[in-house]
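Each chain, written out:
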There are 2 protein chains.
Amino acid sequence: MRAITVQPGRAGSVQVEELPDPVAGTDELLVRGVALGVCGTDKEIGAAEYGWAPPGRDRLVLGHESLGRVVQAPPGSGFAEGELVAGVVRRPDPVPCGACAHGEFDMCRNGRYRERGIKELDGFGSELWTVETDYAVRVDPELGHLGVLLEPASVLAKAWEQIERIGGRSWFEPRTVLVTGAGPIGLLAALMGVQRALEVHVLDRVTDGPKPALVRGLGATYHHGDVSGVIAETHPDVVIEATGVSALVVAAMAGTAHYGITCLTGVSTGGRPFEVDTGGLNRSIVLENDVVVGSVNANQRHYRAAADALAAADPGWLAAMITRRVPLERAVEAFGDTGDEVKVVIDLE
Amino acid sequence: MRAITVQPGRAGSVQVEELPDPVAGTDELLVRGVALGVCGTDKEIGAAEYGWAPPGRDRLVLGHESLGRVVQAPPGSGFAEGELVAGVVRRPDPVPCGACAHGEFDMCRNGRYRERGIKELDGFGSELWTVETDYAVRVDPELGHLGVLLEPASVLAKAWEQIERIGGRSWFEPRTVLVTGAGPIGLLAALMGVQRALEVHVLDRVTDGPKPALVRGLGATYHHGDVSGVIAETHPDVVIEATGVSALVVAAMAGTAHYGITCLTGVSTGGRPFEVDTGGLNRSIVLENDVVVGSVNANQRHYRAAADALAAADPGWLAAMITRRVPLERAVEAFGDTGDEVKVVIDLE
């Protein structure tokens, strides 16, 4: 079979190569890859900024935003040949820590978790792949190719769960949410805000390309320009930050209404000092009983919530999020600069 | 009766003056003041940096850390003459907002709440005061004068409730807590950490005075010096920040273990930019699923939890926290610079 592989730590090493077909274990599905989404983490791995090969190997099969069709399922597994599935990305650490031992491996405490296509386990960027039945999630057949959005949606399903559980520590009836960034993460955050009947605002830099129409297509309000003006205008109960840009992160932390919750989802790089009025930021967080929560990854519960959210969404809108499809033989293009694209997907069949 | 009053907005205006005795309403207790604690907020009001007089008046009766003895109680109220009580500080906003309407006025959304001795309502710094039975909290008679610590303890009971409810969003079994600041708030935070059987570390600047011994008296570890060294050494699951000092706030936010919770309780002043590696801070909060939560004020539930915590504490240790007692006639001294004192209390009888 053909697979997209990379040598972590070596920039520009992404390639499509021939590998032996995988063999499913007794508790595993054998799956024919349908599509693979590409995100910032994949590009970071391609640029040698992140990623770990399996122990004893140089190269890793890339890809964690999966969609495939079951070829072979263990009897009694509940899965049937031909069903669409996606694979959960993270696996518990082997120790395991308390969180992993309780199935909450997205909250792993010791950092020794492994991740398909990212950390020590081969990903889903291949014509055939296997997945343990416990880590396979069924995709609504009506979604078809759009099921490739399940993994990024799971990240937002977790983020919204965090917001709601944290909000529930006292009286909580949010009305307004501001999302910073109109990439795939920001758009899926906005979708789930609309599904919760909230007033949704999305801020991004651009004035053209597909993003403004995608935001408006949800019934949300698109903003560009200065974040402080948008915050003053919208007075958000919830901010979901999806850029990792320092000025937006700080504005998001400080800019919520009383009892506000800022959920940080954008992974930034450190090392560049930025001037912050920390006294004012601390004062506003304390006196308003505000929360800042970071959210990353997702466990099975979040994948199931994401599957429900995608099934309830307008398929035309979801399709418009996928602004470019690349065939497997040209997969390397998807890991380079893709400009104003929203979601780039590699077709595996 | 004599009362401690202040003209908010006018520095140096704290004085002891003669005022008419208050008259209890049908749903109120008449209380003889026993003692009054003084905190940073009181000093801010004395320095004209905070505080609001009741509408139509220039002066406010100061004091919100109350302890008194019931002189007269409405029949059927459940309170009896001679009982020790403290008064809850905050009252719901008149609108009310959703939080206030649900009894969660410590989470008031519109900022129109009122506070005894701070914002638009007379405080408890007088020989006689009244309090609505719904806002009076019974103090264990065995605590005696130490019941004056109930209000600051309520602030920490709320902070710990926030930490536990937020931690409960996934698997949570914290082991180590770091408290920054060994003033009354930090010490009460540490007390409640020890009561939860956690490994407690407290960081402060001083090497002498009463603080190191108070921390050690709890069975906690006292640290002074560089915060980053202490964080690296203790790897805290929970940080309770009780100084408001920018360098400590930022270190606390960034310094927790995975799934860490930083609870900010120190009220700082804004306006002084501070260099922060916001990219690194954001990355660590996201990738570790960390939370930063601000906590201020308390509702009746927290006062009751605080009463339980004080009743379970060593009375000798609590007594050692009160490092100075001032008679009412010299009350003004308590609002000035009190140096290395931990808690200064004014005797009202």
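This one's a predicted model, so the numbers in the text were calculated from it and none came from an experiment. Along each chain, numbering runs from 1 in the same order as the chain's sequence is written. As they are written, the chains are lettered A onward and the ligands numbered 1 onward, keeping that order. Where local features are concerned, this predicted model is filtered to residues with pLDDT of at least 70; where side-chain atom pairs are given and counted, the filter is 80 or more; whole-chain, interface and lining totals use all residues. Excluding hydrogens and water, the side-chain figures rest on all heavy atoms present in the structure.

S.K.: How should I be thinking about the pairing of strand 20 (residues 343-347) of chain B in this particular structure?
M.R.: On a regular strand, one side chain projects to one face of the sheet and the next to the other, so that they alternate. All names here are of chain B. Only protein chains enter the accessibility calculation, which uses a 1.4 Å probe. A residue is then buried if its area is under 20% of the maximum for its type, exposed if over 50%, and partly exposed in between. Helix numbering and strand numbering both begin at the N terminus, where a helix is a DSSP run of H or I of at least 4 residues and a strand a DSSP run of E of at least 2. Along strand 20, 4 of the 5 residues are buried, which leaves the element largely enclosed by surrounding structure. Pairing between two strands is assigned when DSSP locates at least 2 bridges connecting them. When strand 3 (residues 28-38) meets strand 20, the two strands line up antiparallel, connected through 4 bridges. Paired with valine 38 across the strands is valine 344, a residue of strand 20. Across 5 bridges, the pairing between strand 19 (residues 322-327) and strand 20 is parallel. The residue bridging proline 327 from the neighbouring strand is aspartate 347, located in strand 20.

S.K.: For this particular structure, what's the right way to read unusual backbone geometry?
M.R.: Negative phi is the rule for most residues except glycine; trans is the rule for most peptide bonds. For the bond running from Val95(A) to Pro96(A), omega is -20°, close enough to zero to count as cis. Summarising the element assignment, Pro96(A) is placed in the loop between strand 7 (90-91) and helix 2 (98-101). Phi at Tyr259(A) takes a positive value of approximately 55°, unusual for a residue other than glycine. The phi dihedral of Glu120(B) is positive, around 75°, even though this residue is not glycine.

S.K.: When you look at the interface of chain A and chain B in this model, what are you seeing that I'm missing?
M.R.: How big an interface is tends to be stated in terms of the accessible area lost upon association of its parts. Chain A puts 57 residues into the contact, and the matching count from chain B is 57 residues. Both faces considered, chain A and chain B share a buried interface measuring about 4800 Å² in area, 56% of it formed by carbon and sulfur atoms. The term buried area denotes the loss of accessible surface (1.4 Å probe radius) that occurs when two parts are joined, taken as the sum for both partners. Of all residues in chain A, Arg109(A), Arg169(A) and Trp171(A) bury the most surface against chain B, accounting for 15% of the area lost on that side. Whenever Lys or Arg places a side-chain nitrogen within 4 Å of a carboxyl oxygen from Asp or Glu, that contact is recorded as a salt bridge. Inspection of the chain A/chain B interface yields 0 salt bridges. What qualifies as a polar contact is a pair of N or O atoms within 3.5 Å, subject to a donor-acceptor requirement within protein and to the restriction that residues adjacent in sequence count only when both atoms come from side chains. Taken together, chain A and chain B are joined by 35 residue pairs in polar contact (both at pLDDT 80 or more). Residues are treated as being in contact if the distance between any of their heavy atoms lies within 4.5 Å.

S.K.: Can you help me understand helix 8 (residues 278-287) of chain A in this one?
M.R.: Residue pairs three or four apart in sequence face the same way in an α-helix, which turns once every 3.6 residues. All names here are of chain A. Of all 10 residues making up helix 8, 8 are buried, and the element is well covered by its neighbours. Listed as buried for helix 8 are Thr278, Gly279, Leu281, Asn282, Arg283, Ser284, Ile285 and Val286. Where helix 8 terminates, the next one or two residues include asparagine 289, which has phi positive at roughly 55°.

S.K.: Explain the sheet that holds strand 18 (residues 291-294) of chain A here, please?
M.R.: Strand pairing in a sheet relies on backbone hydrogen bonds. The paired strands run either parallel or antiparallel. Strands sit in the order 14(A)-13(A)-12(A)-15(A)-16(A)-18(A)-18(B)-16(B)-15(B)-12(B)-13(B)-14(B) across an open sheet of 12 strands; the sheet is mixed. Each end of this open sheet is capped by a strand with a single partner; those strands are strand 14 (221-224) of chain A together with strand 14 (221-224) of chain B. Strand-to-strand twist of the sheet, defined as the mean angle between neighbouring strand axes without regard to direction, takes the value 20°. Every axis corresponds to a line fitted to the C-alpha atoms, with the helix fit spanning only the stretch in contact, and the corresponding angles, defined between N-to-C directions, vary from 0 to 180 degrees.

S.K.: Before we go on, may I ask you to explain the pattern of salt bridges in this structure?
M.R.: Where charged atoms from two side chains of opposite charge come close, those side chains can pair. By the definition in use, this model includes 34 salt bridges over all chains. Among the ionic pairs, Arg301(A) bridges to Glu104(A), the shortest N-O distance being 2.9 Å. Separated by 197 residues along the polypeptide, Arg301(A) in helix 9 (residues 300-312) and Glu104(A) in the loop between helix 2 and strand 8 (114-116) bring together distant segments of the chain. You can call Glu104(A) buried: its relative accessible area is 13%. For Arg138(B), the salt bridge is made with Glu83(B), and the minimal N-O distance between the two is 2.6 Å. With Arg138(B) in strand 11 (residues 136-138) and Glu83(B) in the loop between strand 5 (65-72) and strand 6 (84-87), this residue pair connects regions lying 55 residues apart in the sequence. Taking the relative accessible area as the measure of exposure, Glu83(B) reaches 22% and is therefore partly exposed.

S.K.: Could you clarify how one ought to interpret the packing of helix 3 (residues 150-167) of chain B against helix 4 (residues 184-195) of chain B in this entry?
M.R.: Packed helices, taken two at a time, are described by the angle their axes make and the gap between the axes. Residues and elements named next belong to chain B. Between helix 3 and helix 4, the shortest axis-to-axis distance is 9 Å and the interhelical angle comes to 55°. One finds that helix 3 runs oblique with respect to helix 4. The handedness of the crossing between helix 3 and helix 4 is right-handed. Every residue of helix 4 that contacts helix 3 at Pro152, Ala153, Val155, Leu156, Ala157 and Trp160 is listed here: Ile185, Leu188, Ala189, Met192 and Gly193. Note on residue categories: nonpolar means Ala, Val, Leu, Ile, Met, Phe, Trp, Tyr, Cys or Pro, charged means Asp, Glu, Lys or Arg, and polar means any other residue, Gly included. Of the residues that constitute the contact of helix 3 with helix 4, the class distribution is 10 nonpolar, 1 polar and no charged. Orientation is classified from the angle alone, with under 35 degrees giving roughly parallel, over 145 giving roughly antiparallel, 65 to 115 giving roughly perpendicular, and any other angle giving oblique. Crossing handedness: left-handed means the near helix sits turned counterclockwise from the far one by under a right angle, and right-handed means the same turn made clockwise.

S.K.: What is the right way to look at the UniProt feature "domain: Alcohol dehydrogenase-like N-terminal" (unreviewed entry) in chain A in this model?
M.R.: Those places that UniProt annotates as "domain: Alcohol dehydrogenase-like N-terminal" (unreviewed entry) correspond, in this numbering, to residues 26-139 of chain A. End-to-end, the C-alpha atoms of residues 26-139 of chain A are 22 Å apart, and along that stretch the chain is 10% helix and 35% strand. UniProt positions are given in the numbering used here, feature names are shortened, and annotations may be inferred rather than shown by experiment.

S.K.: For this particular structure, what's the right way to read the sheet that holds strand 2 (residues 15-18) of chain A?
M.R.: Residue and element names in this part refer to chain A. Strand order in this open sheet of 3 strands is 2-1-4, and the pairing throughout is antiparallel. A strand with exactly one partner marks an edge of an open sheet, and here the two such strands are strand 2 and strand 4 (60-61). Both strand 1 (residues 2-6) and strand 2 contribute to a ladder of 4 bridges, which runs antiparallel. Looking at the pairing, isoleucine 4 lines up with valine 16 of strand 2.

S.K.: Help me understand the packing of aromatic side chains in this model?
M.R.: Two measures describe an aromatic ring pair: the distance that separates the ring centres and the angle between the ring planes. Residues and elements named next belong to chain A. Think of it this way: a Phe, Tyr or Trp ring, Trp meaning its six-membered ring, pairs with another when their centres are within 6.5 Å, and the plane angle makes it stacked under 30 degrees, edge-to-face over 60, tilted otherwise. Tallied over the full model, the rule gives 8 aromatic pairs over all chains. Taken together, a centroid distance of 4.7 Å and an interplanar angle of 65° make the contact between phenylalanine 124 and tryptophan 129 edge-to-face. Assessed through its relative accessible area of 0%, phenylalanine 124 is described here as buried. Here the basic side chain of arginine 91 rests over the ring of tyrosine 135, its NZ or CZ set 4.1 Å away from the ring centre. Only Lys NZ and Arg CZ are tested; either one counts as a charge over a ring when it is within 6 Å of the ring centre and within 35 degrees of the ring normal.

S.K.: Would you take a moment to explain the domain arrangement of chain A for this structure?
M.R.: All names here are of chain A. Annotation of chain A at the domain level lists domain 1 (2-138 + 314-347) and domain 2 (154-294). Relative placement of domain 1 and domain 2: their C-alpha centres are 28 Å apart. In this complex, domain 1 contributes 10 residues to the contact, which on the side of domain 2 involves 14 residues. Of the roughly 1100 Å² buried between domain 1 and domain 2, counting both surfaces, carbon and sulfur atoms make up 72%. Summed over the three residues of domain 1 that lose the most area to domain 2, namely Trp317, Asp340 and Val342, the buried surface amounts to 53% of that side. Counting every contact that joins domain 1 to domain 2 gives 1 salt bridge. Note that aspartate 106 is salt-bridged to lysine 158, the shortest N-O span being 2.8 Å. Applying the counting rule to domain 1 against domain 2 returns 2 residue pairs in polar contact (both at pLDDT 80 or more). These domain limits were set by an automatic method or by a database of domain assignments.

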